[in-house]
Every structure is written in C-alpha cells, then in structure tokens.
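Inside the fold
Now for the letters of each chain:
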Amino acid sequence: MKNNVILFITAILTLTPLSSFGDTYVTAGNGQTYSFATLVTIEGSGVSQGEDCIVVNGTVEISEGDYFVMDSGVMVRFADGAELIIKGSPTFTPEEQTTLTKALTATTPYNVEVWGGDSQIEVSNLNFEYVGLRCFSPYGMYVHDCQFTDHCGTQSAALMIGPDEAPFYIKDCYFANNAKAAIGSAANYFCPVKIEDCSFYHNSTANGNIPQLNLTASQMVEVTGCTIEGNPSLTMVGGIAVSNFYTIEGFNVSITGNTITDNRYGITTMGMMDVVIADNILKDNCHETNPNNGGSGISLYDPYMKQTVMVRGNHIENSLWGITVIGCGNVNIGRVDVEESDEQYNPGCNVFKNNGNGGILYDLYNNSTNTIYAQGNQWNVAEQTEEDIESVIFHQHDNPALGEVIFMPPMEMSAIDTVKEDAFSSGTYSLNGIRVSPQESSSLQKGIYIINGKKRIVRK
C-alpha cells in the first residue's frame, strides 16, 4: 500500500524583533511627525540623501506617541542590516508608488516593522523589494496594491502577519521570488485573514519545506481569486498550507476560486478546522521527487479526527495524487443522497484528470478509517461506471483497514455543461438529452436529470 507522508510545514512559534547592524536612532516620543525626508535633516538619524534616493544606514525607531508618514514617489535604499521600526502611528498610503529596496548588490536589509497604530493600518502603493514587512500591531493591516519581491529571507515570509487575533485583509498585491513564503504567520498567532485577488509567483526560492502561502488557522481564513504559480525546479515548495498545530477548535477556512499550478502540492490543511475548498483550478502540482512524500492536488490531514471538509467544484489535474485524506473527521467530496436542504448536501462537481504516479491513477486516496462521500464527480476514467471509477480510488476495497469511499452516482460534467439556459426549459430529460415521457417522469430511476431546465438528482 502506498501512503502519503505528512507534509510538515516550517512555522515559528513567536514573532520576535530582529537585532540589526549599525547604530539605532530613536525618536523622542513627544508627538512629532517624521518621514524619511524629515529624518534626512536630523543629525545622527542615520538617514541620508543620496543622488537619486534616500539611504537608511542603520535602525530607525519611531517611538510610541510619535507619527510616521511614508514619503510619496521616492526610492528608499536600506543598508546592510538596516530597518525601520514604528512603535508610534504610521501612515503608509503615499499617493505615488514608493519603493523600499536594498542599497547595494551585496546588501541584506532587514524589514519595516510595525508595532503601533490606533486602528487597522492601511498599506498601499508600496513596492517592497528585498525589504520585508512585519506586523506586531494588535489592529492588524489592510494591505492593497503593493508588491513584495525578492525578499532575502531575514524572516519567514515577505509579509509576516501577527500578533494573535489581529485582523488582516490583503488584496490586489503581487508577490514574487521571495526566499521564503510570500505570506506567513506564526504557529501560535491565530490571525483572521482574507487574501483576495493576489498573485504569487515562484516564492520560497530557498527551496525549503515552506509553501508560498504558509498560514495558521483562525476564526476566519479566506483565500479567494488568487493565482499561485510555482517553479517546477523548487521541489520542496507547496502552494497553500493552512495549519493548526494546537488542539484548538472553532477555526474556519475557505479556499475558493483560485488557480494553483506547478507547485510541489496544491492545497494542504493540517489539524482541527472547518474547511471549504471550492471552485479552484489545481493543475501540475506534482513537483515532488518522492510520491510517498506528497504531490497531492489537495491533501487533508488531522490526527485528532476533527477536521471537517467540504470539497466541491474543483478541477484537479496532473498531480501525483488527486486528493489524499489522512485522518480527519467528516470529509465530504460530494453527497447527493440527501435533500438539497440538508447541511451535508454537496453536488460534488469535482473533475479529476491524469492524477497518478508509478503508472497508476489515483484520483482519491482514502488513507483513513473514515467513510468518505465522493458522489457527483467526474472521474478520470473512460466511462463513469462503478467498475471503472473503482480503479482510480484507493479505499476499503483495496485495504480492509481503510474506510470506504461512496462514489456513486458520478457526475456527467460534459453533459451538464452543454445545457444552455433556455434549453430544456420544460419537461424532463436524461443527461444525453432524451426526453422522458410524462408517464415515465412519475417513476424515474436513480440518477441525474434535467427537469424544467434545472439539474435534479433522483436518489431513490
């Protein structure tokens, strides 16, 4: 029997301040407002005016009670080990794009580190190049229209979110070629976060066991409408990972409408949480050198057997394993044998194509003792028959120690997709378009039909 080995994700237990090289300049904390332009005029600040840029030569700390306003439309270069620490209140919304980058080719700057504020901090129009952003503010951040590129790995992600319970909304941002994760959080910081319409490209270039999005579960974690493209040569880097390393319940995760391609794996969830994974395109997430160590389109793992998962409407193609289930509680990949009003109802509508390894196709691998419903899906077989579908599912039928997968009836996706809004508007039709007579309609056999223009599932 083949097993998917648990994918351990690097996580830090706390976010701690980083010491830096060079001198530290600390403001007086008397309510004054600073910017890089004003710091240039202060002797001993360590900030100087270059020919076409501002240079930060050491650590600048804006004290609690003071204010910092980000300069607009300038380039700020950070020397080796330099950083900006803001314990006062920041304004990070320049009208024109401002770039924060390193001073020299061999330079390793630290980060912009934010502790203060009296409400959620808005961050926009900033280009973080080599320089990272870390949040310690209890009010969290709204980050939009920013770029995070080429971060050199002085922290576990280009954008580190925290502390515990601080809310984050990240929208319309671009993350590329960062040494570690694009976005990350500490294992003991449970930050509500919504990540929407962002692009992630070839992150975690150090090729450690760190995915592009390395998130900790929370009351609310949402990743929606994002593109996550991996580098096939980075065989240790996954797409999205959401983890709960503690026995804490009440966490909700939604991963919907994303396109995730060319990673070691597509999506993995670890630990107790309620999860919805819906309407994602997961393709070519197969760049794992050993199939026993991963390579799933979707991997679900929970040794406490309390993770509940609803999986629907996903396209999973060319993974070493389509979906793998290790432990977990209630995993629902499609359930049409209950009424649509039932909370367990799930139309399925997942499409599996060319998932497998070692010459064997694996659309679904139930490596747990649970019974899993996976009805209403389109499987990678020539015909959607029970005998053919059985060949791409590994479960109790293959190993009596495992749980059963209930996969009939399947979903004829191609037939449903050909139905136009105004077609078959009245009457009852089979999926191949043959009209069922009124007499036969009263005693339909179990299956999927188009009744008065809408798909209906007969369960008797």
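What you are looking at is a predicted structure, and each value in this text was computed from that prediction instead of being measured. (Residues numbered from 1 in each chain as written. Predicted model: local features only at pLDDT ≥ 70, side-chain atom pairs only at ≥ 80, totals over all residues. Heavy atoms only, no water.)

1. Focus: the overall build of the chain
Counting its regular elements, the chain contains four helices and 47 strands. Of all 460 residues assigned to the chain, the portion counted as buried reaches 55%. Only carbon and sulfur atoms are counted for the fraction: they give 48% of the accessible area of the chain, which is about 18,400 Å². (Helix = DSSP H or I, 4+ residues; strand = E, 2+ residues; numbered from the N terminus. Buried < 20%, exposed > 50% of the residue type's maximum accessible area, 1.4 Å probe, protein only. Areas by Shrake-Rupley, 256 points an atom, 1.4 Å probe, with all protein chains shown as cover.)

2. Digging into a negative patch on the surface
A cluster of acidic residues, Glu 339, Glu 340, Asp 342 and Glu 343, forms a negative patch at the surface. Within the element layout of this structure, Asp 342 appears in the loop between strand E36 (331–332) and strand E37 (351–353). (Patch = residues over 30% accessible without salt bridge, like charges linked within 9 Å, V, L, I, M, F, W, Y side chains within 5 Å. Salt bridge = Lys/Arg side-chain N within 4 Å of Asp/Glu carboxyl O. Lys, Arg positive; Asp, Glu negative; His and termini not counted. Charge placed at Lys NZ, Arg CZ, Asp CG, Glu CD.)

3. So, unusual backbone geometry
With an omega of -5°, the peptide bond running from Gly 162 to Pro 163 counts as cis. In this chain, Met 408 is followed by Pro 409 through a cis amide linkage whose omega measures 5°. Within the secondary structure, Pro 409 sits in the loop between strand E43 (405–406) and helix H3 (413–417). Backbone geometry places Asp 262, a non-glycine residue, at a positive phi of 60°. If you trace the backbone, Asp 262 turns up in the loop between strand E28 (259–261) and strand E29 (267–270).

4. What to know about the nonpolar core
Phe 36 and Ile 195 are the most contacted members of the largest nonpolar core, which totals 89 residues. At three residues, strand E17 (residues 157–161) tops the list of elements feeding residues into this core. In this structure, Phe 36 is in contact with Val 47, Ile 54, Val 56, Phe 68, Met 70, Asp 71, Val 76, Phe 78, Leu 84 and Leu 100, ignoring residues within four places of it in sequence. Grouped together as the second largest cluster of nonpolar side chains are seven residues, Cys 286, Leu 320, Trp 321 and Leu 402 included. (Core = buried A, V, L, I, M, F, W, Y, C linked by side-chain atoms within 4.5 Å. Contact = heavy atoms within 4.5 Å.)

5. Observations concerning the pairing of strand E32 (residues 296–302)
In terms of burial, E32 is largely enclosed, as seven of its seven residues are buried. As judged from the four bridges shared by E29 and E32, these two strands associate in the parallel manner. When the bridges of E32 are listed, Ile 267 appears paired with Ile 298. Direction of pairing for E32 relative to strand E35 (residues 321–327): parallel, over a ladder of six bridges. The residue bridging Ile 298 from the neighbouring strand is Ile 323, located in E35. (Pairing = 2+ DSSP bridges.)

6. A few points about the side chain of Glu 317
Relative to the helices and strands, Glu 317 resides in strand E34 (residues 315–317). For Glu 317, the residues in contact, after removing those within four places along its chain, are Leu 282, Lys 283, Asp 284, Lys 353 and Asn 355.

7. Examining the sheet that holds strand E6 (residues 67–69)
Spatially, the three strands line up as an open sheet ordered E2-E6-E9, and their pairing is parallel. The open sheet is flanked by strand E2 (33–34) and strand E9 (89–91), the only strands paired with a single partner. Relative to E9, E6 runs parallel, the two sharing three bridges. Looking at the pairing, Tyr 67 lines up with Ser 89 of E9.

8. Focus: a nonpolar patch on the surface
Side chains of Phe 245, Tyr 246 and Ile 248 sit close together on the surface and give an oily, nonpolar patch of about 230 Å² of accessible area. For Ile 248, the position within the fold is in the loop between strand E26 (240–243) and strand E27 (252–256). Assessed through its relative accessible area of 31%, Ile 248 is described here as partly exposed.

9. What to know about the pattern of salt bridges
Taken as a whole and assessed by the stated rule, the structure comprises eight salt bridges. In this structure, Glu 61 and Lys 87 form a salt bridge, with 3.7 Å as the shortest nitrogen-oxygen distance. Pair noted here: Glu 61 is in strand E5 (residues 59–62) and Lys 87 is in the loop between strand E8 (83–86) and E9, with a separation of 26 residues, a long-range link. Owing to a relative accessible area of 17%, Glu 61 belongs among the buried residues under this scheme. By relative accessible area, Lys 87 is classed as partly exposed at 35%. Beyond isolated ion pairs, a larger network of salt bridges with shared partners links Lys 171, Asp 172 and Asp 197.

10. Section: the environment of Leu 320
Along the polypeptide, Leu 320 turns up in the loop between E34 and E35. With 38 residues separating them in the primary sequence, Leu 320 and Gly 358 have C-alpha atoms 8.9 Å apart. Apart from the residues lying within four places of it in its own chain, the contact partners of Leu 320 are Asn 285, Cys 286, Glu 288, Pro 291, Gly 294, Gly 295, Asn 355, Gly 356, Asn 357 and Tyr 362.

11. Focus on the packing of aromatic side chains
What the rule picks out here adds up to 15 aromatic pairs. Ring geometry for Phe 352 and Trp 379: centres 4.7 Å apart, planes at 0°, overall stacked. With Phe 352 in strand E37 and Trp 379 in the loop between strand E41 (372–373) and helix H2 (386–390), the pair connects residues that are 27 residues apart, well separated along the chain. An identical accessibility class is assigned to Phe 352 and Trp 379; each is buried. (Phe/Tyr/Trp six-rings, centres within 6.5 Å; stacked < 30°, edge-to-face > 60°.)

12. Regarding the confidence of the model for the chain
Across the chain, pLDDT averages 90, with 85% of residues at or above 70. Contacts of residues 1–21 to residues separated by more than four positions or lying in other chains number 87 contacts, the stretch itself having pLDDT below 50. (pLDDT = per-residue confidence, 0-100.)

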